[in-house]
Amino acid sequence: MSVCQDGCDRRDEKDDMRQDWFDTARFGLFVHFGAYSGAARHEWVQTYERLTDAEYLPYVEHFEPDRFDAAAIAATAVATGMGYTVLTTKHHDGFCLWYSELTDFTAPAFCGRDLVAEHVEATRAAGLKVGLYYSLIDWHHPDFTVDWNHPRRDDPEAHALNDGRSMERYREYLHGQVRELLTRYGTIDYLFFDFTYPETKEGWAGKGPEDWDAAGLLALCRELQPDMLVNDRLGVPGDFVTPEQYQPTKPLVQGGEPVVWEACQTTNGSWGYHRDNVDFKSAPLLIRMLADSVSMDGNMLLNVGPDGRGAIPPVDRSLLGEIGDWMELHRDAIVGAGHAPYTPPREGVYTLRGDRLYLHLFSWPLGFVHLPGLAGRVSYARFLHDGSWLRTSATDPDQVANVMRPAGEEAGTLTVSLPIRQPDVAVPVIELTLA
């Protein structure tokens, strides 16, 4: 990838080929799992509650993922219509899910299983692209300096805790672990680093690209896995950007060039298992968020947090099942689709795939939906879920409204007639074949 002077990405032909699968898939599964899952109080529990290493250690010592089934998780992703999965290999607590020669703070040391190996094998066998998450942060490592995210930031004489700590030594550890992940498990398609925070807060300096040697780390990724996509959280330009817990309102552009992006979303606001968080989004809302992302040329990475034994919680399973039922009928409107150069009606958004334009109806209108600029451009209209034909027409723009007749629509408007009752699908989709 070449980078222009203002920091925007200039994608060349090789970049586009490397990215093809990502643009096609549009939908992935994020899996946050680790020692924090047993704590069941959010993946940031150690820093939220200012837990010492000794106070956090019981969750590590009792890490027993007897219900973690990588093949079942991969099968769930396939059934949900997803094209890739991303597993947290190490989160901010420093606990690693693979056998690392650089630390014994690992799942194999405590439960005898390399969960990264299981994830990669099962994901690949299911025909999905393989993604790994790796935290740049490590609260367990003795050389990782205390900062405004660190659990020890409020200790008495906290600044003195950095005496003798060395980010240079930590960088060697970080690069060494990334090398392990990218050389032991065959082809890795996607690497999600998390995250860079250079701001100074409450008297503590954050950490910027120089703390990770971001340029050197990205070069290592390119050397070891040249076809792998890398996100933007090293603090230097990557292959795609990652808005988190919000939805953009239009396609992302930087320096006049389109930006590849992926919205990272949760089912309930937590990434790791949070037993008492019941603020779950509905399946129709998540489907609308997915369609909204694709309508703006983005992807959606939807997270689940397996519980302390490694099982996907029932509510998450139910949500994924509902989304999967919708995707089974509407896959063509998402997978391989993208932004459409047409103005959608107020009731929904468009996605485009080849000569098929898909209208995702987020609200259900009375009798008709009016599509600006599409009169004479559509040869056939139907519901996607059942393939049933829909009548189309164009009204005279000069038609005058009376008691029982609406005024004419703007010239060029295509009107699609609809049944009074909304079809029994979470988000109805109209497929329009472009002439």
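How each quantity is defined
Residues numbered from 1 in each chain as written. Predicted model: local features only at pLDDT ≥ 70, side-chain atom pairs only at ≥ 80, totals over all residues. Heavy atoms only, no water. Helix = DSSP H or I, 4+ residues; strand = E, 2+ residues; numbered from the N terminus. Rg over C-alpha atoms; globule rule 2.2 N^0.38 Å. Buried < 20%, exposed > 50% of the residue type's maximum accessible area, 1.4 Å probe, protein only. Contact = heavy atoms within 4.5 Å. Areas by Shrake-Rupley, 256 points an atom, 1.4 Å probe, with all protein chains shown as cover. Expected span 1.5 Å × (residues − 1). Arc of directions from axis to C-beta. Axes fitted to C-alpha atoms, helices over the stretch in contact; angles between N-to-C directions. Parallel < 35°, antiparallel > 145°, perpendicular 65-115°, else oblique. Left-handed = near helix turned anticlockwise from the far one by under 90°. Nonpolar A, V, L, I, M, F, W, Y, C, P; charged D, E, K, R; others polar. Salt bridge = Lys/Arg side-chain N within 4 Å of Asp/Glu carboxyl O. 1 Å grid on protein atoms, 1.4 Å probe; cavity = no way out; pocket = protein on both sides within 12 Å on 5 of 7 lines; lining within 4 Å. Points joined across faces, edges and corners; volume = space filled by probe spheres on them. Core = buried A, V, L, I, M, F, W, Y, C linked by side-chain atoms within 4.5 Å.

Engineer: Which parts of the structure should I look at to understand the overall build of the protein?
Structural biologist: In terms of regular secondary structure, the protein is built from twelve helices and 18 strands. Its C-alpha atoms give the protein a radius of gyration of 24 Å, within 12% of the compact-globule value 22 Å for 435 residues. Overall, the C-alpha framework of the protein stretches about 80 × 50 × 40 Å when taken along its three principal axes. In the protein, which comprises 435 residues, the share counted as buried stands at 54%. Counting only contacts in the protein whose residues sit at least 6 apart along the sequence, the fraction spanning at least 24 positions is 69%. If you sum the accessible surface of the protein, you get close to 18,700 Å²; carbon and sulfur atoms cover 50% of it.

Engineer: How should helix H12 (residues 314–330) be read in this particular structure?
Structural biologist: Structurally, the α-helix is built with 3.6 residues per turn, so residues lying three or four positions apart point the same way. Compared with an ideal rise of 1.5 Å per residue, which puts 17 residues at 24 Å, H12 spans 24 Å between its outermost C-alpha atoms and is within 8% of the ideal. Residues Asp316, Leu319, Leu320, Ile323, Gly324, Trp326, Met327 and His330 constitute the buried set of H12. Buried residues of H12 fall within an arc of 170 degrees about the axis and therefore sit on the same side. Away from its buried face, by an angle of more than 90 degrees, H12 presents the exposed residues Pro314, Asp325 and Glu328. Close packing links the buried residues of H12 with strand S3 (27–31), helix H5 (70–79), helix H11 (283–295), strand S11 (298–304), strand S13 (356–361) and strand S18 (429–434).

Engineer: Can you help me understand the packing of H5 against helix H7 (residues 115–125) in this one?
Structural biologist: Direction vectors running N to C along H5 and H7 enclose 40 degrees, while the axes themselves pass 8 Å from each other. By the criterion of interaxial angle, the relationship of H5 to H7 is oblique. H7 is crossed by H5, and the crossing has right-handed handedness. In contact with Ala70, Ala71 and Ala74 of H5, H7 contributes Glu118, His119, Ala122 and Thr123. Tallied by class, residues from the contact of H5 with H7 come to four nonpolar, two polar and one charged.

Engineer: How should the pattern of salt bridges be read in this particular structure?
Structural biologist: Note on pairing: side chains with opposite charge can pair once their charged atoms come close. Applying the stated rule across the entire model yields 21 salt bridges. In this structure, glutamate 101 and arginine 184 form a salt bridge, with 3.6 Å as the shortest nitrogen-oxygen distance. One end of the pair, glutamate 101, is in the loop between strand S4 (84–90) and helix H6 (107–111); the other, arginine 184, is in the loop between helix H8 (167–183) and strand S6 (190–194), and 83 residues separate them in sequence. For aspartate 147, the salt bridge identified is with lysine 207, shortest N-O distance 2.5 Å. You can see aspartate 147 sitting in the loop between strand S5 (129–135) and H8 and its partner lysine 207 sitting in the loop between S6 and helix H9 (209–212), a full 60 residues away along the chain. By relative accessible area, which is 2% here, lysine 207 ends up buried.

Engineer: I tried to follow H5 on my own but got confused; where do I start?
Structural biologist: Those residues of H5 that sit buried are Ala70, Ile73, Ala74 and Ala77. End-on, the buried residues of H5 take up no more than an arc of 100 degrees, which puts them together on one face. Buried-residue contacts for H5 involve S3, S4 and H7.

Engineer: It is not clear to me how empty space enclosed by the protein should be interpreted in this structure. Could you clarify?
Structural biologist: Under the defined criterion, the tally for this structure stands at one cavity of 30 Å³ or more. In this structure, the largest cavity occupies an estimated 30 Å³ of space. For the largest cavity, the full set of lining residues is Val31, Phe68, Ala70, Ile73 and His119. Looking at side-chain class alone, the lining of the largest cavity contains four nonpolar, one polar and no charged residues.

Engineer: Got a minute to help me understand the nonpolar core in this structure?
Structural biologist: Note on soluble globular proteins: their nonpolar side chains tend to be buried together. By size, the foremost hydrophobic cluster in this structure holds 90 residues, and its most contacted members are Leu97, Val116, Val178, Leu191 and Phe193. Residues contacting valine 178, with those up to four places away along its chain left out, are Tyr134, Leu191, Phe193, Leu217, Leu220 and Cys221. Listed in part, the 19 residues of the second largest apolar core include Leu359, Val369, Leu414 and Ile430.

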